[in-house]
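Descriptive structure summary
One-letter residues, chain by chain:
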Amino acid sequence: MIFDAIIIGGGHTGMERATRLQESGLRCAVISKGRSIYGLENKRFEDLGGILLMDDTVCGAEFEGDRLISVRTTKLGNVSLQAREFHLATGRFLSGGLVADMDKVYEPVFGLDVDYLADRSQWFGRKFADPQPFLAFGVKVDSEGHAIKEGRAIVNLFPVGDIISKM
């Protein structure tokens, strides 16, 4: 299946981006891990001809140089979803867009580069009301908003919303 744009993440940011792209005349698909509470946004997107893949996750990706070529999902198996551009709107920690273990913070879909503090003891403020440093952690992007993977910009992959680093 070939699309102009594929949006990974069906929350508010993902559906807003998808609807805006669909309105501009692009053929879009949204891959959403869970059921979205954004019913009106979903309906508008689908009314515009967008494809919504609910309760599905990206399980594989094909890169060619500095471009993301296609993704595969758990429900579609070996069916390749291709697009000119991809938008990553998976959020941060609560939605699983970023994952923290005892040693690092990582982005689980594409293995993108993530800004975070190496010293885990500095990830949080001592008091609940203190500024919490982990809230600034996120995927690295270049000056044009392209995702960074292994130090290189992926020219057609755009993180959007909370997943972007604020460091």
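Within any chain, residue numbers begin from 1 and follow the written order of that chain's sequence. Two thresholds apply to this predicted model, a pLDDT of at least 70 for residue-level local features and 80 or more for giving and counting side-chain atom pairs, whereas whole-chain, interface and lining totals are computed over all residues. Each side-chain value is worked out from all heavy atoms of the structure, with water and hydrogens disregarded.

**Details of the pattern of salt bridges**
We define a salt bridge as a contact between a side-chain nitrogen of Lys or Arg and a carboxyl oxygen of Asp or Glu at a distance within 4 Å. Scanning the model with the defined rule gives six salt bridges in all. Taking the shortest distance from any N to any O, the salt bridge between Arg84 and Asp4 comes out at 3.2 Å. On the criterion of sequence distance, the pair formed by Arg84 in strand 6 (residues 81–88) and Asp4 in strand 1 (residues 2–8) is long-range, its members being 80 residues apart. By relative accessible area, Arg84 is classed as partly exposed at 48%. One salt bridge connects Lys140 with Asp115, and the closest N-O pair in it is separated by 3.8 Å. Taken together, the positions of Lys140 in the loop between strand 10 (138–139) and strand 11 (147–149) and Asp115 in strand 9 (residues 114–115) put the pair 25 residues apart, joining distant regions of the chain. By the criteria applied, helices consist of DSSP H or I runs no shorter than four residues and strands consist of E runs no shorter than two, each listed in order from the N terminus. The cut-offs for exposure are 20% and 50% of the maximum accessible area for each residue type, with area from a 1.4 Å probe on protein chains only; residues under the lower value are buried, those over the upper are exposed, and the others partly exposed.

**A closer look at the layout of surface pockets**
Grid points spaced at 1 Å and placed over the protein atoms alone form the basis of the search, with a cavity being a set where a 1.4 Å probe fits but cannot get out and a pocket an open set showing protein on both sides within 12 Å along at least five of seven lines. Lining residues have an atom within 4 Å of a point. Grid points are joined across faces, edges and corners, and a volume is the space filled by probe spheres set on the points. Put simply, the largest pocket is a space of about 670 Å³. Forming the boundary of the largest pocket are 32 residues, of which Ala89, Thr90, Gly91, Ser95 and Gly96 lie nearest the centre. Polar here means any residue outside two lists: the nonpolar Ala, Val, Leu, Ile, Met, Phe, Trp, Tyr, Cys and Pro, and the charged Asp, Glu, Lys and Arg; Gly therefore counts as polar. Among the residues making up the lining of the largest pocket, the classes are represented as 12 nonpolar, 15 polar and five charged.

**Some details on the packing of aromatic side chains**
Think of it this way: a Phe, Tyr or Trp ring, Trp meaning its six-membered ring, pairs with another when their centres are within 6.5 Å, and the plane angle makes it stacked under 30 degrees, edge-to-face over 60, tilted otherwise. What the rule picks out here adds up to five aromatic pairs. Their ring planes at 90 degrees and their centres at 6.2 Å tell us that Tyr116 and Trp123 sit as a pair that is edge-to-face. For Tyr116, a relative accessible area of 28% puts it in the partly exposed group. Judged by relative accessible area, Trp123 falls into the buried class, the value being 6%. Judged by centre distance (5.8 Å) and plane angle (85 degrees), the ring pair of Trp123 and Phe137 falls under edge-to-face. Taken together, the residues Trp123 in the loop between strand 9 and strand 10 and Phe137 in the loop between strand 9 and strand 10 connect sequence positions 14 residues apart. Of the two residues, Trp123 and Phe137, neither departs from the other in class, the shared state being buried.

**Focus on the side chain of Thr90**
Residue placement: Thr90 occurs in the loop between strand 6 and strand 7 (99–100). Judged by relative accessible area, Thr90 falls into the buried class, the value being 15%. Each residue touching Thr90, except ones within four places of it in the same chain, is listed here: Ile8, Ser95, Gly97 and Ile163. We call two residues contacting when some pair of their heavy atoms lies within 4.5 Å.

**Some details on the pairing of strand 2 (residues 28–31)**
Covered by surrounding structure in strand 2 are Cys28 and Val30 together with Ala29 and Ile31, the residues of both alternating faces. The criterion for strand pairing is that DSSP finds at least two bridges linking the strands in question. Note that strand 1 and strand 2 share four bridges and pair parallel. If you follow Ile6 over to strand 2, its bridge partner there is Ala29. Each parallel crossover has a hand, and for strand 1 linked through helix 1 (residues 12–23) to strand 2 it is right-handed. As paired strands, strand 2 and strand 3 (residues 51–53) are joined by three bridges and run parallel to one another. When the bridges of strand 3 are listed, Ala29 appears paired with Ile51. When the strands point away from the viewer and the connection leading from the first strand across the helix to the second strand turns clockwise, the crossover is called right-handed.

**Comments concerning unusual backbone geometry**
Positive phi outside glycine occurs at Asp55, with the angle close to 55 degrees. As for its placement among the helices and strands, Asp55 is situated in the loop between strand 3 and strand 4 (58–64). A residue is classified by how much of its surface remains accessible, and Asp55, at 28% relative accessible area, is partly exposed. At Glu150, a residue that is not glycine, the phi angle is positive and equals roughly 55 degrees. Of note, Glu150 is situated in the loop between strand 11 and strand 12 (152–154). Taking relative accessible area as the criterion, Glu150 reaches 62% and is therefore assigned exposed.

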